[in-house]
Amino acid sequence: MVQMQPAKSVAGKVLAKIAENVYEEGLAAKARGEMVGWISSNFPQEIPMTLGLHCVYPESQAAAISAKGAGLEMCEHAEGELGLSNDICAYSRISQAYADLAKCPNNEREMPLPDFVLCCNNICDCMLKWYENLGQMLNIPVIVIDVPFSNKYDIDRKRIEYVGAQFRDAIKQLEEITGKKWDEEKFKHVCEVSSQIGDEWLKATKYLNYKPAPYKGFDLFNHMAVATMARGQEDSLQALKDFNAECEEFIKEHKSTFKDEEKHRVMFEGIACWPYLRVTYSTLKNLGCNVTSCVYGPSFAFSYKTFDEMIECYCSVPNAINLERSTDLREQLCQEGKVDGGLVHINRSCKMWSATMPEMARRISRDLNIPVVTFDGDQSDPRNFSEEQYVTRVQGLVEIMESNAKKGA
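Definitions and cut-offs
- Residues numbered from 1 in each chain as written.
- Predicted model: local features only at pLDDT ≥ 70, side-chain atom pairs only at ≥ 80, totals over all residues.
- Heavy atoms only, no water.
- Buried < 20%, exposed > 50% of the residue type's maximum accessible area, 1.4 Å probe, protein only.
- Helix = DSSP H or I, 4+ residues; strand = E, 2+ residues; numbered from the N terminus.
- Pairing = 2+ DSSP bridges.
- Expected span 1.5 Å × (residues − 1).
- Contact = heavy atoms within 4.5 Å.
- Polar contact = N/O pair within 3.5 Å; in protein donor to acceptor, adjacent residues only side chain to side chain.
- Salt bridge = Lys/Arg side-chain N within 4 Å of Asp/Glu carboxyl O.

Counting buried positions over the 5 residues of strand β4 (residues 116–120) gives 5, a clear majority of the element. A two-sided burial pattern is seen for β4, the buried positions comprising F116, L118 and C120 on one face and V117 and C119 on the other. Where strand β2 (residues 36–39) and β4 come together, 3 bridges link them in parallel fashion. Considered in β4, the bridge of G37 is made with F116. For β4 and strand β5 (residues 142–145), the ladder comprises 4 bridges, and the chain directions are parallel.

The next subject is the environment of K252. One can find K252 in helix α10 (residues 234–252). Here K252 falls in the exposed class, since its relative accessible area comes to 60%. Expressed as a C-alpha distance, the spacing of K252 and P214, which sit 38 residues apart in the sequence, is 9.5 Å.

Side chains three or four residues apart in an α-helix point the same way, a direct result of the helix having 3.6 residues per turn. With 22 residues, helix α8 (residues 184–205) should cover 32 Å at 1.5 Å per step; its first-to-last C-alpha distance of 31 Å lies within 8% of that length. The complete set of buried residues in α8 reads F187, V190, C191, V193, S194, S195, I197, G198, E200, W201, A204 and T205. Looking at the buried positions of α8, the neighbouring elements they touch are α2 (46–50), α9 (219–229), α10 and α12 (307–314). Its side-chain oxygen 3.0 Å from the backbone nitrogen of E185, D183 forms the N-cap of α8.

In the structure shown here, the tally under the stated rule is 28 salt bridges. Linking D381 and R93 is a salt bridge whose minimum nitrogen-to-oxygen distance equals 2.9 Å. With D381 in the loop between β10 (372–377) and α16 (387–408) and R93 in helix α5 (residues 90–101), the pair connects residues that are 288 residues apart, well separated along the chain. Look at D381 and you get buried, because its relative accessible area is 2%. Ionic pairing is found between E161 and R157, a salt bridge with its closest N-O pair at 3.5 Å. Residue E161 and its partner R157 are both found in helix α7 (residues 157–178); the two are separated by 4 residues, about one turn of the helix. Each of E79, R93, D381 and R383 takes part in one network of salt bridges that share partners.

See the structure below:
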């Protein structure tokens, strides 16, 4: 195996700045007296963009707050002051605490309070009550799109028509709420740029298929903020093109942001444990494991040309598709990423994501003949993660992968 030399990503810093700008622009728009919305990550941002509306992302804000160490304080406020159960999504608790306080500890990830909220339940049904609560707390309009779970492998025409009608009605509601007017030509242009960004982002995720990979898989968790929050923007497109060009150079020069020897390649399934990002990454790194397969990143590689194609994309996100299609998707990514094993996060916050994970992990292990282990955790609540358990599970996974490698040799 080629020994890669350590590298630093200049393009990665540009991507991080673009994500920061989303919040800065939202705050600036609010200061100018413009209406600003909160939007769920799997609601088509191309719709408010076409209307010239600024929207910010509670999920990404909650992740950032958690990564900076303030998640516990916000969760405790939601539980103690708002009466929310600690059994519900930590993103939801942090978001509602922020709406109540209009601030967070140490002023981490400030964003303007919303004048309206936009929500899709293609992520989970918790989103419905979360955004409904925001609407009641702040006395603002709530626009909710119902995206039915698909029990079939493919998305049928009835679902596209049902969801599409809701989005068209949402556009009319936004026109009434904000006084903005829909422009079909602008929508086509936004979709064109957005789809190019989706293609570039998908290309970026596939550089992990190189062996060794030119960057560490955990970079995806950071860089995906642009694919999530800043699609449809020309600067996002250029930044992703620059990142991909940088990856090409790293490959030619035998460089990687994964600074240790890549001994093992693993699948990481699920949302990152943001309060413990350092320990989850360093444990893998110290044992020579690079994450080269993760559905969480490429799931935001949206690409479409028409309104109906957009609807189909948002009906096909990971939590809205059936077990068979979900398993096939992950097995394909595992094969492309040339993984030796899998690490599955049983996320106490994201029950929709984690409910099928034990069975999915069993199928992946059986079909690909690789070891797959699970660990308990949480995307934002640090009380639901055990560092000792995580380290033990990763060590066990490495032992099995090393044993399999010896047998194969």
